[in-house]
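Next come the chains, spelled out residue by residue.
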Amino acid sequence: MSELERSIHDDSNDLDYILVGEIYLPLIAVPEEKRDIGFYGSLHRNYLKDYKSGLYSYLTLTGKLWTYLADLNEQCVERRDFLMNQIMKQEGISEELKTRDQMEWIRQANNVRSRVDEIILNELVYV
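Below is a short write-up of the structure. What you see is a predicted model, and the numbers here were worked out from it, not measured in a lab.

## So, the packing of helix α1 (residues 38–51) against helix α3 (residues 65–90)
- Contact pair α1 / α3: the axes reach a minimum separation of 7 Å and the direction vectors enclose 125 degrees. Of the possible angle classes, the one that applies to α1 and α3 is oblique. Once α1 is placed against α3, the crossing between them reads as right-handed. Between α1 and α3, the residues in contact are Gly38, Phe39, Tyr40, Gly41, His44, Arg45 and Leu48 and Leu65, Trp66, Tyr68, Leu69, Leu72, Asn73, Cys76, Val77 and Arg80, respectively.
- When grouped by side-chain class, the residues that make up the contact of α1 with α3 number 10 nonpolar, four polar and two charged.

Written out as structure tokens, the structure is:
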């Protein structure tokens, strides 16, 4: 029986393989993402695992999952900030109200935040 090489290179797909037992496994380096996936990225990851397993597997195997989730989280945060400012301005929830009646300002701001979160979850996270 001939001795198998410890590592080989396949020119057809430009991958290197290493011998583990009697099987060659590909040496795949996953790019390291420095950004955090945050709240919305985490929710979307769980959604992908539960309902879009094919896409989740593809993104995981290609090493693009963390970047995809970090990008989605940034989009969600930008959209949240934009909608919060827009709705608070439209409904007259201002700094003047905050100085006059803090509890009312908090109540109204939390109401807006709940509505905005619902919009973001339906438009961006659970799709």
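## Concerning the nonpolar core
- Counting 16 residues, the largest nonpolar core has Met88, Val112 and Val116 as its most contacted members.
- Elements supplying a minimum of two residues to this core: α3 and α5 (102–125).
- A per-element tally of this core places α5 first, with seven residues.
- Not counting the four nearest positions on each side in its chain, Met88 is found in contact with Ile93, Trp105, Ala109 and Val112.
- Ranked by size, the runner-up nonpolar core spans five residues in total, among them Ile37, Leu48, Leu59 and Leu69.

The rules behind each value
- Residues numbered from 1 in each chain as written.
- Predicted model: local features only at pLDDT ≥ 70, side-chain atom pairs only at ≥ 80, totals over all residues.
- Heavy atoms only, no water.
- Axes fitted to C-alpha atoms, helices over the stretch in contact; angles between N-to-C directions.
- Helix = DSSP H or I, 4+ residues; strand = E, 2+ residues; numbered from the N terminus.
- Parallel < 35°, antiparallel > 145°, perpendicular 65-115°, else oblique.
- Left-handed = near helix turned anticlockwise from the far one by under 90°.
- Contact = heavy atoms within 4.5 Å.
- Nonpolar A, V, L, I, M, F, W, Y, C, P; charged D, E, K, R; others polar.
- Core = buried A, V, L, I, M, F, W, Y, C linked by side-chain atoms within 4.5 Å.
- Buried < 20%, exposed > 50% of the residue type's maximum accessible area, 1.4 Å probe, protein only.

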